[in-house]
Structure formats: C-alpha cells, structure tokens
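Chains, contacts and geometry: an overview
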Amino acid sequence: MNIALETRARRATAMKSYAVLSALKRDIMLGDLGPGQTLTELELAGRFACSQGTIREALLQLQDEGLVVRQGHRGTVVSACTEVEAVELFRIRRSIEGRGIRRAVAGRSRTLVADLRMLAEAMETAAEAGDELELASLDRDFHRRLFADAELPALDTILHRCLVHNHRFKISRSTTAERDLRQTARRHAPIVAAVEAGDAEAAARALDHHIVTIVDFGPAVFPEMGA
C-alpha cells in the first residue's frame, strides 16, 4: 500500500472511530444506554459495521471521560450517574473554574471575548434547533475556552470530565418538557459581559451563579446560596 492509500485508510478509520464515539456518547448522555448496561465489542462492531479495534478505541475514550467502566475480560459497562457523584463533581468544577476565571480575565488573550461570543451564538442556534446534545457540547467548549486563558492545562482534563457529567446528570434528572434550551444558552451572557468589561470579580460571581444554579441541590450542598 502506498503512502497516499495508507493516509486515506488512517483518515477513514479515524472518522469511523469518531462516529462510533459520538453515537455511543449520545446514547449514554440521553440515557438510551443506561447505567450498568453491558457493552460488548463484538456486538457493537456488528451494529456499526466496523472492526472491534475501532470499537475498543471509542470505548477507551469513553472510559477517559468516565462514561463507561472497562472491566477486563468481564467487558465494559455504562457508568453510574448518581447524585452523590454529581454533587462532588459540581464542587470540583466550582473550585477549578472559580479560580481559573480570575486568572483568565487578568491575562485574557485578544481572541477570548470574540471566541466566547461565537460559542454563545452557536449555542443559541443549537437551542433554536432543539439539539440538546450539540448545545451541551458547545457549552463544554465555552467553559474550556474560557479556562484555557487561565493557563492551567493540567486541570483541563479534570474540568472536561466534570462538564460531561454535569450535563449527563442534568439531562437524566429532567424531562424534555422541562428543558428550556434557549434559557440554557442565554445563561452565558452575563459571563461574557463581565469578561469583556475586564471585571474579574464580576466574572467570577457570574460564573459561580451559573454553576450553582445548573441543578437545584439547595443550600445543603452550596451553603453560600442561602447567604
């Protein structure tokens, strides 16, 4: 096989792996694949008409995001989505982002505000289309773009996992009728405004309110909310 054919083959494999990853992630996030459900490489390879190696690659990525648990020869299962774990992840996220946004505003890049506005507009478009999964993906991109200017790259992977599970938990605890996607998209506006104004403390307050009101855990979890 010549170099051009090898390159095409690698691209095709990468595209297939991404398609499999996206489909499985969507099913888990929406609850179509529930906690504890077993995922076998052979069955999934048949479903997606691909090799078990491609499936394995997708499952490893899902494991990195905490959406599945691989158990060696016993197979792979969809991870749990409990309130106890969700609370801890919200607390971790609040701590990481709260410190990060102050650093980001203080040393923001020239493209930060424009990037945040672009992502906020894309979220509005996804909300108008009723695409909750795309909205959630763009939401994660928004928060990670903001955090990137904090220059704390080792924490980005942790933040990403928190964001993924925040969205999974929120979706799992609400019905379609209860989800106002437009409101979710517009909740980012105060953050953008404060960052654009260069007001680190206002940005931190806006972000904190944004995080603690995503899911109503109450003052028992975030006592400052009752202050």
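Description of the structure in this document.

The rules behind these values
- Along each chain, numbering runs from 1 in the same order as the chain's sequence is written.
- For a predicted model such as this one, the threshold for reporting local features is a pLDDT of at least 70, and the threshold for listing and counting side-chain atom pairs is 80 or more; totals across whole chains, interfaces and linings nevertheless cover every residue.
- Note that water and hydrogens are dropped before the side-chain values are worked out from all heavy atoms of the structure.
- Here, the term nonpolar core denotes a set of buried Ala, Val, Leu, Ile, Met, Phe, Trp, Tyr and Cys residues that are joined through side-chain atoms within 4.5 Å.
- Accessibility here uses a 1.4 Å probe with only protein chains present; expressed as a share of the type maximum, an area under 20% marks a residue as buried, one over 50% as exposed, and anything in between as partly exposed.
- In this text, helices come from DSSP runs of H or I with a minimum length of four residues, and strands from runs of E with a minimum of two, each type numbered from the N-terminal end.
- The contact criterion used throughout is that any non-hydrogen atoms of two residues lie within 4.5 Å.
- Helices are assigned an expected span. That span is 1.5 Å times one less than the residue count.
- Along the arc lie the directions from the helix axis toward the C-beta atoms.
- Should a side-chain nitrogen of Lys or Arg be within 4 Å of a carboxyl oxygen of Asp or Glu, the pair is scored as a salt bridge.
- Lines fitted to C-alpha atoms define the axes here, with helix axes fitted over just the stretch in contact, and angles between the N-to-C directions of these axes take values from 0 to 180 degrees.
- Here the angle decides the label: under 35 degrees means roughly parallel, over 145 means roughly antiparallel, 65 to 115 means roughly perpendicular, and every other value means oblique.
- It is the rotation of the near helix from the far one that decides the hand of a crossing: anticlockwise by less than a right angle makes it left-handed, clockwise makes it right-handed.
- Note that Gly is not counted as nonpolar here; it falls among the polar residues with everything else outside the nonpolar set of Ala, Val, Leu, Ile, Met, Phe, Trp, Tyr, Cys and Pro and the charged set of Asp, Glu, Lys and Arg.
- Each patch is assembled from residues with relative accessible area greater than 30% and no salt bridge, linking like charges that lie within 9 Å and nonpolar side chains (Val, Leu, Ile, Met, Phe, Trp, Tyr) that lie within 5 Å.
- Values of accessible area rely on a 1.4 Å probe in the Shrake-Rupley scheme; residue burial ignores everything except the protein chains shown.
- Strands were regarded as paired on the criterion that DSSP finds at least two bridges between them.

Comments concerning the nonpolar core
As a rule of thumb, soluble globular proteins bury nonpolar side chains together. Counting 28 residues, the largest nonpolar core has I101, L116, L135, F142, L146, I191 and V195 as its most contacted members. For this core, the secondary structure elements donating two or more residues are α4 (83–106), α5 (112–128), α6 (132–148), α8 (181–186), α9 (189–197) and α10 (200–212). Broken down by element, this core gets its largest block of residues, 7 residues, from α5. Sequence-distant contacts of I101, that is, excluding residues within four places in its chain, are made with L146, I191, A203, A204 and L207. Of all hydrophobic cores here, the second largest spans 20 residues; its members include V20, F48, L62 and L133.

Topic: unusual backbone geometry
In this model, A49 sits at a positive phi of 55°, which is unusual for a non-glycine residue. With respect to the element layout, A49 can be found in the loop between α2 (41–48) and α3 (52–64). Its identity is not glycine, yet E151 carries a phi of approximately 55°, on the positive side. Mapped onto the elements, E151 comes out in the loop between α6 and α7 (156–172).

Quick look at α3
For an α-helix, 3.6 residues make a turn, and residues three or four places apart therefore share a direction. With 13 residues, α3 should cover 18 Å at 1.5 Å per step; its first-to-last C-alpha distance of 18 Å lies within 8% of that length. By the burial criterion, the buried members of α3 are T54, I55, A58, L59 and L62. Buried residues along α3 cover an arc of 135° about the axis, so they all sit on one side. Among the residues trailing α3, G66 stands out with phi positive, at a value near 80°.

A short note on the pattern of salt bridges
Throughout the structure, instances matching the rule amount to 15 salt bridges. Note that R182 is salt-bridged to E128, the shortest N-O span being 3.1 Å. In this pair, R182 is assigned in helix α8 and E128 in helix α5, connecting sequence segments 54 residues apart. Overlapping salt bridges, with partners in common, bring together E41, R56 and R70 in one network.

Remarks on the packing of α4 against α7
Remark: α4 packs on α7, axes separated minimally by 9 Å, with the N-to-C direction vectors making an angle of 135°. Taken together, the axes of α4 and α7 lie oblique to each other. In the packing of α4 onto α7, the handedness of the crossing is left-handed. Each of E83, A86, L89, F90, I92, R93, I96 and E97 in α4 lies in contact with α7, whose residues at this interface are I158, L159, C162, L163, H165, N166 and F169. Taken together, the residues that form the contact of α4 with α7 break down as 10 nonpolar, 2 polar and 3 charged.

Brief notes about the side chain of H210
Counting through the fold element by element, H210 comes out in helix α10. Contact partners of H210, with chain neighbours within four places excluded, come to R93, H143, R187, H188 and I191.

Thoughts on a nonpolar patch on the surface
On the surface, a cluster of nonpolar side chains totalling about 220 Å² of accessible area is made up of I92, L155 and I158. Within the secondary structure, I92 is located in helix α4. Residue class for I92 comes out partly exposed when judged on its relative accessible area of 38%.

Re the environment of C81
Looking at where C81 falls in the secondary structure, it is placed in the loop between β3 (76–78) and α4. Using a relative accessible area of 16% as the deciding quantity, one classes C81 as buried. C-alpha separation for the pair C81 and L67, spaced 14 residues apart in sequence, amounts to 8.9 Å. In this structure C81 touches P35, R168, F169, S172 and R173, once residues within four positions along its chain are discounted.

Section: the sheet that holds strand β2 (residues 68–70)
The antiparallel open sheet is built from 3 strands, whose spatial order is β1-β3-β2. Of all strands in the sheet, those with a lone pairing partner are β1 (38–39) and β2, marking the two edges. For β1 and β3, the ladder comprises 2 bridges, and the chain directions are antiparallel. Directly across from T38, in β3, lies its bridge partner V77.

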